[in-house]
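# Summary of the model geometry
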Amino acid sequence: MSYPISIYKVILVTTLIFLIMVTKENAIHRSKLLNVLWDIQRKRRFISRDDMKKISKEFNISMIELEGVISFYHFFHLSNAGKYTIYLNCSTISQHKDYQAVKKTFQDELGILIGNVTKDNLFGFFKTSCIGLSDQETSALINGHPFTNLTPEKVQTIISKLRNGHSVESLSNDPKNNIQYTPKDEAKTIFFKTYSKGKGLSKLATLTPDEVIQLITKSKLSGRGGAFFPTGMKWEMCRNNKSDQKYIICNADEGEPGTFKDRVLMNKYPGLLIEGMAIAGYAVGAHEGIIYLRAEYLYLKESIEKTIKEFEESGLLGKNILGINNFDFTVHIQMGAGAYICGEETALIASMEGKRGEPSTKEYFPVEKGFLGKPTVVNNVETLCAVPRILEMGLDNYLSIGTKETPGTKLLSVSGDCKKLGVYEIEWGMKLRDFLSLIEAEDPYMVLFNGFSGECLSKVDFDREISGENLLAEHIQFNFKDPIEYSRKMSGVGLRSGGSIMVFNKSRNLIGILKNITKFFVAESCGICVPCRTGNFLLNKKINKIIFGHADIKDLEQIKEWSTIIKQSSRCGLGKTSTNCLLTALLKFPEEFKKYLTAESNFNHSFNIENAVENYNTIIQEIESTYE
Amino acid sequence: MNNLINITIDGKQYQAHEGKNLVEAAKENGIYIPTLCHFHEINTPLGTCRICTVCVNGKTTTSCTTKVYEGMEVEINTPELLNTRKAIIEMLYAEGNHFCPSCEKSGNCDMQNLGYDMGVTNSRFPHVYSNKVVDFTSDRMIMESNRCILCKRCVEEIKTKDGKDVFSFVSRGIKTRVHIDYEQEKKLTDAEAMHAMNICPVGAILVKGMIYEQPFGDRKYDMTGKLKETQIHTDFIKRNDENKFIVATTSLAGCFGCHMSLLDIDLEILDILEIVEFNKSPLTDIKKFSKRCDIGLIEGGCANSENIEVLKEFRKKCDILVAFGECAIMGGIPAMRNFVPLKECLEEAYIHGLTSEIGTNIIPNHEDIPKLLNNVYPCNEIVKIDYYIPGCPPNANHIWKVVKNILLNEEYSITHEEFKYD
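Residues numbered from 1 in each chain as written. Chains lettered and ligands numbered in written order. Predicted model: local features only at pLDDT ≥ 70, side-chain atom pairs only at ≥ 80, totals over all residues.

This brings us to the overall build of chain B. Scanning chain B for helices and strands turns up 13 helices and 19 strands. For chain B, whose C-alpha radius of gyration is 24 Å, the value lies close to the compact-globule estimate of 22 Å for 422 residues. Each principal axis of the C-alpha distribution contributes one length, and for chain B these read about 75 × 60 × 35 Å. Counting every position in chain B, which comprises 422 residues, the buried fraction comes to 45%. Considering only contacts in chain B between residues 6 or more positions apart, those separated by 24 or more positions represent 72%. (Helix = DSSP H or I, 4+ residues; strand = E, 2+ residues; numbered from the N terminus. Rg over C-alpha atoms; globule rule 2.2 N^0.38 Å. Buried ≥ 20, exposed ≤ 12 C-beta atoms within 10 Å, placed from the backbone. Contact = placed C-beta atoms within 7 Å.)

The next thing to look at is the overall build of chain A. Within chain A one finds 27 helices and 15 strands. Relative to the 2.2 N^0.38 estimate, which gives 25 Å for 628 residues, the radius of gyration of chain A is 25 Å and therefore close to what a compact globule would have. Sorting the 628 residues of chain A into buried and exposed places 52% on the buried side. A sequence separation of at least 24 residues applies to 75% of the contacts in chain A between residues at least 6 apart.

Moving on: the environment of D294 of chain B. Residue and element names in this part refer to chain B. Checked against the element boundaries, D294 lands in strand β14 (residues 293-299). When the 21 C-beta atoms within 10 Å are taken as the criterion, D294 is described as buried. For the pair D294 and F245, spaced 49 residues apart in sequence, the C-alpha to C-alpha distance is 6.2 Å.

For the rest of this paragraph, the subject is the interface of chain A and chain B. Each partner contributes to the interface: chain A provides 45 residues, whereas chain B provides 53 residues. Counting residues per element, the ones that place at least two in the side of chain A that touches chain B are α4 (63-72), α20 (510-524), α21 (530-533), α22 (535-547), α23 (553-569) and α27 (609-627) of chain A. Taken together, the residues of the side of chain A that touches chain B sort by class into 24 nonpolar, 14 polar and 7 charged. (Nonpolar A, V, L, I, M, F, W, Y, C, P; charged D, E, K, R; others polar.)

Turning our eyes to something else, we now look at the packing of α23 of chain A against helix α2 (residues 79-95) of chain B. Running from amino to carboxyl end, α23 of chain A crosses α2 of chain B at an angle of 95°, the nearest separation of the two axes being 10 Å. One element, α23 of chain A, and the other, α2 of chain B, form an angle in the roughly perpendicular class. Here I565, Q568 and S569 of chain A of α23 of chain A come into contact with α2 of chain B, specifically with T84, A87 and I88 of chain B. (Axes fitted to C-alpha atoms, helices over the stretch in contact; angles between N-to-C directions. Parallel < 35°, antiparallel > 145°, perpendicular 65-115°, else oblique.)

Residues and elements named next belong to chain A. Closest axis-to-axis distance for the α23/helix α25 (residues 580-588) pair is 10 Å, and the angle between their directions is 140°. When the axes of α23 and α25 are compared, the pair comes out oblique. For the pair α23 and α25, the sense of crossing is left-handed. Residue-level inspection shows L556, I559, K560 and S563 of α23 in contact with α25, the latter providing L582, L583 and L586. Per-class residue counts for the contact of α23 with α25 are 5 nonpolar, 1 polar and 1 charged. (Left-handed = near helix turned anticlockwise from the far one by under 90°.)

We now examine the domain arrangement of chain B. All names here are of chain B. Its domain assignment divides chain B into domain 1 (4-77), domain 2 (102-224) and domain 3 (230-415). For domain 1 versus domain 2, the separation of C-alpha centres amounts to 26 Å. If you look at the interface, domain 1 gives 9 residues, while domain 2 gives 13 residues. (Domains from an automatic or database assignment.)

Turning our eyes to something else, we now look at the sheet that holds strand β14 (residues 455-457) of chain A. Residue and element names in this part refer to chain A. Strand order in the open sheet made by the 6 strands is β6-β12-β11-β15-β13-β14, with mixed pairing throughout. Looking at which strands have only one partner, the edges of the open sheet turn out to be β6 (179-181) and β14. On average, each strand axis in the sheet is tilted by 30° relative to the strand beside it, whichever way the strands run. (Pairing = 2+ DSSP bridges.)

The next thing to look at is the sheet that holds strand β1 (residues 4-9) of chain B. Residues and elements named next belong to chain B. Read from one edge of the open sheet, 5 strands run β2-β1-β5-β3-β4, paired in mixed fashion. Pairing within the sheet leaves two strands with one partner each, and these edge strands are β2 (12-17) and β4 (59-62). Averaged over neighbouring strand pairs, the angle between their axes works out to 40° when direction is ignored.

Further remarks concern the pairing of strand β7 (residues 247-252) of chain A. All names here are of chain A. Most of β7 is tucked away: 6 of the 6 residues are buried. Burial along β7 is two-sided: the face carrying Y247, I249 and N251 and the face carrying I248, C250 and A252 are both buried. As judged from the 6 bridges shared by β7 and strand β8 (residues 288-293), these two strands associate in the parallel manner. For A252, the partnering residue across the bridge sits in β8 and is L293. In this structure, β7 lies alongside strand β10 (residues 376-380), joined through 5 bridges in parallel fashion. Following the sheet pairing, I248 is matched in β10 by V377.

Moving on, we get to the nonpolar core. Counting 282 residues, the largest nonpolar core has L273 of chain A together with I298 and C302 of chain B as its most contacted members. Excluding residues that lie within four positions of it along the chain, I298 of chain B makes contacts with T250, L252, L311, F314, L321, V322, A323, F324, A328 and C379 of chain B. (Core = buried A, V, L, I, M, F, W, Y, C linked by C-beta atoms within 7 Å.)

All names here are of chain A. Here helix α12 (residues 270-284) contains 15 residues, and its C-alpha end-to-end distance of 21 Å stays within 8% of the 21 Å for a straight helix at 1.5 Å per residue. For α12, the buried fraction is high: 15 of the 15 residues fall into the buried class. Residue G285 follows α12 closely and has a positive phi angle near 85°. (Expected span 1.5 Å × (residues − 1).)

Apart from glycine, the bulk of residues carry a negative phi angle, and the bulk of peptide bonds sit in the trans form. The amide bond that connects E137 of chain A to the next residue, T138 of chain A, takes the cis arrangement and shows omega of 0°. By secondary structure assignment, the location of T138 of chain A is in the loop between β3 (123-128) and β4 (140-142). In the segment running from C392 of chain B into P393 of chain B, the intervening peptide bond is cis, with an omega of -5°. Counting through the fold element by element, P393 of chain B comes out in the loop between β18 (387-389) and α13 (396-408). Phi is positive for L372 of chain A, which is not a glycine, with a value near 50°. Tracing the sequence through the fold places L372 of chain A in the loop between α14 (345-352) and β10. The exposure class assigned to L372 of chain A is partly exposed, which follows from the 14 C-beta atoms found within 10 Å. Unlike most non-glycine residues, Y129 of chain B shows phi in positive territory, near 50°.

Across the 9 residues of α25 of chain A, 9 count as buried, placing the element largely inside the fold. Among all positions of α25 of chain A, only N580, C581, L582, L583, T584, A585, L586, L587 and K588 of chain A are buried.

Residues and elements named next belong to chain A. Within the fold, S31 resides in the loop between α1 (5-24) and α2 (33-44). Accessibility expressed as a C-beta count within 10 Å gives 17 for S31, which makes it partly exposed. Along the chain, S31 and D135 lie 104 residues apart, while their C-alpha atoms are 34 Å from each other. Excluding its chain neighbours within four sequence positions, the residues that come into contact with S31 are M352, E353, G354 and L372.

Relative to the assigned elements, K371 of chain B resides in the loop between α12 (342-350) and β17 (372-377). For K371 of chain B and N304 of chain B, which are 67 residues apart along the polypeptide, the C-alpha to C-alpha distance reads 5.3 Å. Each residue touching K371 of chain B, except ones within four places of it in the same chain, is listed here: V613 and Y616 of chain A together with N304 and S305 of chain B.

A separate point is the pairing of strand β16 (residues 318-324) of chain B. All names here are of chain B. Extensive coverage of β16 is indicated by the burial of 5 of its 7 residues. Here 3 bridges tie β16 to β18, and the two strands are oriented parallel to one another. From the neighbouring strand, A323 faces β18, where its bridge partner is Y388.

Further remarks concern the confidence of the model for chain A. Residues and elements named next belong to chain A. In the predicted model, chain A carries a mean pLDDT of 90, and the fraction of residues at 70 or more is 95%. Contacts from residues 1-5, a stretch scored under 50 in pLDDT, to residues over four places away or in other chains number 4 contacts. Long-range and interchain partners of residues 22-27, a stretch whose pLDDT sits below 50, account for 4 contacts in this model, where long-range means more than four residues apart. (pLDDT = per-residue confidence, 0-100.)

Residues at a pLDDT of 70 or more form 95% of chain B, whose mean pLDDT is 87. Across the predicted assembly, pTM comes out at 0.92 and ipTM at 0.92.

Structure follows, in structure tokens:
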């Protein structure tokens, strides 16, 4: 099947018109590049050499630099990705649901293997890392629209309906919020309670910017994306940097596998986020706010934009907000294009500037020189959403909730082997054991805490509390050699999470999960430094060696050594944390590895002579038949 | 900037100018921190190669991206950090396809020199066998991706007059490559093109016709390294009996050059024969092991099924295996076929080649003829190797020192001139 000629014409004409419009504005700003690429990708289903020539001319950059940008993001394609581009989530949680059957059905229905496009360019079928729907797996995105709880039957229906001309939108289903729990005492709920527009923001009428910063500093609010940098301090540093222009960026690139609380927040409380950004703008003296929304959450864009518009119409965004002189603030959305690394704030800024999303060396922090070289605050969605609530409920009330170091509540995204999947708002300080019974975890064996860059927890950790109390330096935490010493020293140490909790019971293959984790980092490493780029690739090979039963005890020692080297020497947080799960799994679940090991030997069992000469055998056969 | 401040490096007090980057500050105090991506003209440090990883106030970081401040405590040469830096170099060797003996930049290569300095004899990491291309398309330049370490120097430094990038990273993760923009490359002056080649710390960027300028012995690191000695740390392997040591040697996918070099020990071979008896070896023409051997010397990598059999036989019959020469360690020249599909290799050799008879359509094959492997493998990917002697061929003195070390348990160090990959 091929499209009628007219569709091609329409596509061509619209793109041309678009490019002509672009041409008219002289010297378009580089930060518009991702949007232009998105427009062409959406309309043409790929970015052709001809398009690239035009774009590189318009943006005054070389072709190769442009190709570098396009090839960095996995939602941009250099060859046709199909009228319907399907991305199936291949992360662990999806694998434990119906991934294999769903993948097979897609492949059978489309007649192609994953990673390919049908001959008629109607369907492209690709895999992708976690898309923030871990509580409703197996899930996929088709042209940006979500499809959750997929089964082989559903897939068959979807494909046949698409072939019959139904729109993707009409077939997709809005993901559920699945808010499972808020603190029993309603006064202790911070996020998931009634929201009335402008309530937090209006408090600014009686507060100076300095007072806001003091308030946030005293609230001990810290970066909820997982880094827990003190928000007040960040704002103050930005405020102290004098500049004609400053920016507030909301990091909505929720890419950590197993995390989806930001999706729920943006879906249910977009107003809270916008107020948080406006308050941050007021506090640091910024007039522009940008939400960097991950491409996987494209379906949230419209409703957030609608809310922005409502805010503008009711005078809560725009000029002289609340009648406060010079309190001008606007918010708009910048779409990402598929790169986990862009959750790292300097990579995010590079991406917003229309470059490859490579993290910087932190010569300057964003609060000094951030977006377009101007002082910039980058905050996570949850952090920003907490801000208007703190203003609303007052500092004392806020501080009465949670623990000393981490007041308030925390949103946790729960997935895996438990009965009640979804988002939980819990008061900091809850014991992990209590949390596990709250989510009705079925015989939890391993908890993947904080996503793939987090750590593996075993039953020795279950009595620790979820909080930021008594934390240890990271190089101590990940350097224990002895499990007994670990449990002795770590029992009183709090567990601080960005929000991802994946629970696995004994029936799951732990090594398989670790394989999925290393594969994820191979796919998502930006490639700029060798420890992360190649180290993770080699670790993935090692895990495969274990699975095939070719590894011995020396391989485990090597995994430990290499993981530590990657941790020590990687350029950014991605590499530095990429081996945490592996290191903690080796410490806490040695028996899981040992059952795969063979006896130590002088021969490398993973080298297989039959496989190594297979190629030769086929070639000899082929050549004999060709030249006969 | 001009304030003098106090810093501690490896337990000793030093003074440095506040805000200076740690590599330079240490250098001013006579302390060397190895670097690859860093070069003094660069404004914002790149921090890509990670070789200058040190420990600052308990946290590991790179010195090129760190500015010194009062009271800073730096660890540079702890055993752990030395090992980490060495591992990074080894990982770069495993990731790319580095064949020093055939590289134009050999002797002028920053990475090779660091390998010498750190005493890298082999990579602890398995080879990645990445599929990389050599791009000859541009009129003036060659982009040899097999050697590229993605340090980003060229990407950041080389721009046209109108500010456009000539080089750029393309793709991401393990597939990241540096590509040339042919159109922009034309705009560069010859001097700028040479600059691109010269700032490349390896042999990835070459300007056609401008390579092999200096003869062996006069190259950058031949000269500067004359007085350096490389410490090789190996564990001694204890032997029990006092009889003659039995040695076996073989050449797998090699050229016998390493065996030739072995004979270059000259008269000392007579000393060796006092204590050593050769068993299976091309030198004795003994075809089969007649007894268990103490040492097996392996030249060449594994290109076919017979190489694998012989190597495994050696592992079984010898207590200690020594890989000598680049081919045994890295795959060497034969491994350069890894970039070409096996079918093309065979067709070129037997059917389309200049020397094949017209009308030939047979690739010799018979059950007695060894089968070619999909890749040429370094020996340590097949069996455990105990010692490595790099070089193409290895220096005779180097071989002799290693043999003495193993047989007589003598400490040894190798001079820069003896320790070569080419």
